[in-house]
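Summary of the model geometry
Chain by chain, the residues:
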Amino acid sequence: MIPSLVLASSAAVAPLELVLRSSDGVSLGATYYGSSQGDARSGLLLLPMLGDARSSWADFAARASAAGVAVLTLDPRGHGASGNPYGSPPAAWGPAEWRAVVEDARAGLRELEARGVPAGRVIAAGASIGASAALHLAASEPSVAGAALLSPGDNAARLPASTALEGYGKRHLFIGVGSEDGPFVEIARRLSRAAAGSTEFHEQRGPAHGTGLLDGPDGQRLGGHLLRFVQEAPGR
């Protein structure tokens, strides 16, 4: 059963399209979904998979908004509507370019704060390499409530999630992965074991990856668990 905490919802607020600026001046497409209940008790920053866009989170963002969460979905540099200062696709980027993506995520966090949602109420979440970026952001922002990772990666040639665990400390962590998602299954299990604090770990049947984990009936259930994690974060 999905907790009543999640089910207490009303109509979602109409999303607001934004253009943010990263610390180095790159333009970033974003969408803000205000809390349907006015003042948000919790906030959520959502980052997409490699080569995907913030629209991949749209359905879940609307669901979270209707449940009273303030949500910002973000296109990091090189994705969706955002600028690409490198002249090469994200799949070709190395660690320096991906560390800049973490700074893009920080611009999203600052936007949530400017809209009245303190970092201590915000969960940074992402899919695949977006999950790695979310964890690195949370590790570098101790006041952030926590991180939620769908199919996190650990590629040393890009942005390995494991290197953020020390900075993340003992904060509660959420991890979801598909049971048939190749090496990502063991990566997720390894991160869960290595985390200093407690981990809410969900291994969903099938090969779904990243935001694909939120599709279908199983995805609805996983989304309910993720929403509960976000809503309970300020009280931890």
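Structural data are supplied above this passage.
Notes on the structure in this doc start here.

Rules and cut-offs
Residues numbered from 1 in each chain as written. Predicted model: local features only at pLDDT ≥ 70, side-chain atom pairs only at ≥ 80, totals over all residues. Heavy atoms only, no water. Helix = DSSP H or I, 4+ residues; strand = E, 2+ residues; numbered from the N terminus. Expected span 1.5 Å × (residues − 1). Buried < 20%, exposed > 50% of the residue type's maximum accessible area, 1.4 Å probe, protein only. Contact = heavy atoms within 4.5 Å. Pairing = 2+ DSSP bridges. Axes fitted to C-alpha atoms, helices over the stretch in contact; angles between N-to-C directions.

1. Brief notes about helix 4 (residues 129-140)
Over its 12 residues, helix 4 runs 17 Å from end to end, which matches the ideal 16 Å to within 8%, given 1.5 Å per residue. Taken across its 12 residues, helix 4 has 11 buried, putting it largely inside the fold. Those residues of helix 4 that fall on the buried side of the exposure criterion are I129, G130, A131, S132, A133, A134, L135, H136, L137, A138 and A139. Buried residues belonging to helix 4 abut strand 3 (42-47), helix 3 (95-114), strand 5 (122-127), strand 6 (146-150), helix 5 (165-168) and strand 7 (173-178).

2. Here we look at the pairing of strand 1 (residues 16-21)
Sheet faces and side chains relate simply in a regular strand, where the side chains alternate between the two faces. Here 6 bridges tie strand 1 to strand 2 (residues 27-33), and the two strands are oriented antiparallel to one another. Looking at the pairing, R21 lines up with S27 of strand 2. With antiparallel pairing between neighbouring strands as the criterion, strand 1 and strand 2 make up a hairpin whose turn holds 5 residues, including G25 at a positive phi of roughly 90°.

3. Section: the sheet that holds strand 3
Pairing is mixed across the open sheet formed by 8 strands, whose spatial order is 1-2-4-3-5-6-7-8. Two strands close off the open sheet at either side, each with one partner strand: strand 1 and strand 8 (199-204). Ignoring which end each strand starts from, the neighbouring axes of this sheet average 20° apart. Summarising the sheet, strand 2 and strand 4 (residues 69-74) pair through 4 bridges and their orientation is antiparallel. Residue pairing for strand 4: A30 is matched across the bridge by L74. In this fold helix 3 packs onto strand 1, strand 2, strand 3, strand 4 and strand 5, with an angle of close to 150° to the strand it touches most, strand 4. Its contacts with the sheet place helix 4 against strand 3, strand 5, strand 6 and strand 7, and it is angled at close to 155° to strand 5.

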